[in-house]
Amino acid sequence: MSAASPLQICRIMRPDDANIVGNVHGGIILKMIEEAGCIVGTRHCNTQTGDRCLAALVRVEKTEFLSPMFIGEVAHVTAEITYTSKHSLEVQVKVLAENILTGTKKLANKAALWYVPCSLKNVNKVMDVPPIKYASEVQEQQGRKRYEAQKLERLETKARTEKVLPPPLNPGDPPKEKHTVGFSQSSLIHLVGPSDCTLHSYVHGGVTMKLMDEVAGIVAFRHCNTNIVTASVDAINFHRKIDKGCVVTVTGRLTYVSKRSMEIEVLVDASSLVEADQYRAVSAFFTFISLDKDNKPLPVPPLMIDGEEEQRRSKEGEARYLQSKAKRLADREPQPE
């Protein structure tokens, strides 16, 4: 048993990583976070004898986008394994944004990801994870609590998201009224190719998250018609693998709007071109904010709710918003010595 070595990767942000006003897309950052987690997880799981394996992403905990990143800045992504169970491992990742002209750095993102090691010989065979050495017994106990909590939530989320979304409206249908759920709901259809996939020929988690962020961004832009950026991502649950050659439909719809933020539910459904099998692969909630030309938050137009289903989703979204707001306020309060 030993402490796993942390990993750091760096990359300069290019124009094709950002929107038209220079803000780096949240999906680009999520993809870098996942790549770092996959590398450190795969390295650790192959320190033991037996089948060679690859760390497969199964869940991303709530991810906060603490400050925007811009074209020309350097992203420093640090990944470290913080907990291991028999068949899974937790990787915590931090992203620093460096201004290479001044040398100043700021914390841009924090995330926690869960991986399972899958054998390269048989993708359905989950390998054992080598244990790590903890700094203290308290650290191990805290990790075990996080493990049990995410395990339970993954099961609950999967039970809630089995229904596949209906296809989006046809272009010939009458237009929806502005600021309604139907007006901004958007879908992206993508054929999974070799460049999207791991050595197992299923989609990289980072590729899926990038597509999800793109769709959520389109929904947010259609609703407020201003510059928008990703503020946070609630837990992303990977329910089933997506194989090479599948067609994925990524659909986003508004669920709740506060005065300055928008919650968007993003669902990824996958189907085979050969077999009649369509299933829910990934689900998550993204939060976006609207910005002015000086990157200051703008008010968001209210969401017009129609029907019991939209009302239910809005109330659930409001509960998540208030819970997240209360947690942020609690984190800011000074801790007693």
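Quick caveat: nothing in here was measured; it's all calculated off a predicted structure.

The rules we used
Residues numbered from 1 in each chain as written. Predicted model: local features only at pLDDT ≥ 70, side-chain atom pairs only at ≥ 80, totals over all residues. Heavy atoms only, no water. Axes fitted to C-alpha atoms, helices over the stretch in contact; angles between N-to-C directions. Helix = DSSP H or I, 4+ residues; strand = E, 2+ residues; numbered from the N terminus. Parallel < 35°, antiparallel > 145°, perpendicular 65-115°, else oblique. Left-handed = near helix turned anticlockwise from the far one by under 90°. Contact = heavy atoms within 4.5 Å. Polar contact = N/O pair within 3.5 Å; in protein donor to acceptor, adjacent residues only side chain to side chain. Core = buried A, V, L, I, M, F, W, Y, C linked by side-chain atoms within 4.5 Å. Buried < 20%, exposed > 50% of the residue type's maximum accessible area, 1.4 Å probe, protein only. Salt bridge = Lys/Arg side-chain N within 4 Å of Asp/Glu carboxyl O.

Here's the deal with the packing of helix α1 (residues 26–45) against helix α4 (residues 205–224)
Right, so step 1: Where α1 contacts α4, the axes come no closer than 8 Å and their chain directions differ by 165°. The orientation of α1 with respect to α4, classified from their angle, is roughly antiparallel. Every pair of crossing elements has a handedness; the one defined by α1 and α4 is right-handed. Here Gly26, Gly27, Ile28, Leu30, Lys31 and Glu34 of α1 lie close against α4, whose contacting residues are Gly205, Gly206, Val207, Met209, Lys210 and Asp213.

Let's talk about the side chain of Glu263
Right, so step 1: Following the sequence through the fold, Glu263 ends up in strand β11 (residues 262–271).
Right, so step 2: In terms of polar contacts, Glu263 uses its side chain to reach the side chain of Thr255, at 2.5 Å.
Right, so step 3: Other than its neighbours up to four places away in sequence, Glu263 contacts Arg253, Leu254, Thr255, Tyr256, Phe285, Phe286, Thr287, Gly317 and Arg320.

Quick look at the nonpolar core
Right, so step 1: Met69, Met212, Ile236, Ile242, Met262 and Phe286 are the most contacted members of the largest nonpolar core, which has 81 residues in total.
Right, so step 2: If near-sequence neighbours (up to four positions away) are discounted, Ile242 is found in contact with Val192, Ser201, Tyr202, Val203, Thr208, Val248, Val268, Ala270, Tyr279 and Ala281.

Regarding the pattern of salt bridges
Pairing between side chains becomes possible if they bear opposite charge and their charged atoms approach one another.
Right, so step 1: What the rule picks out here adds up to 19 salt bridges.
Right, so step 2: A salt bridge links Glu263 to Arg320; the nearest nitrogen and oxygen atoms lie 2.8 Å apart. Of this pair, Glu263 sits in strand β11 while Arg320 sits in helix α5 (residues 308–332), and the two are 57 residues apart along the sequence.
Right, so step 3: With a shortest N-O distance of 2.4 Å, Arg312 and Glu309 are connected by a salt bridge. Linking Arg312 with Glu309, this pair stays in helix α5, spanning 3 residues, or about one helical turn.

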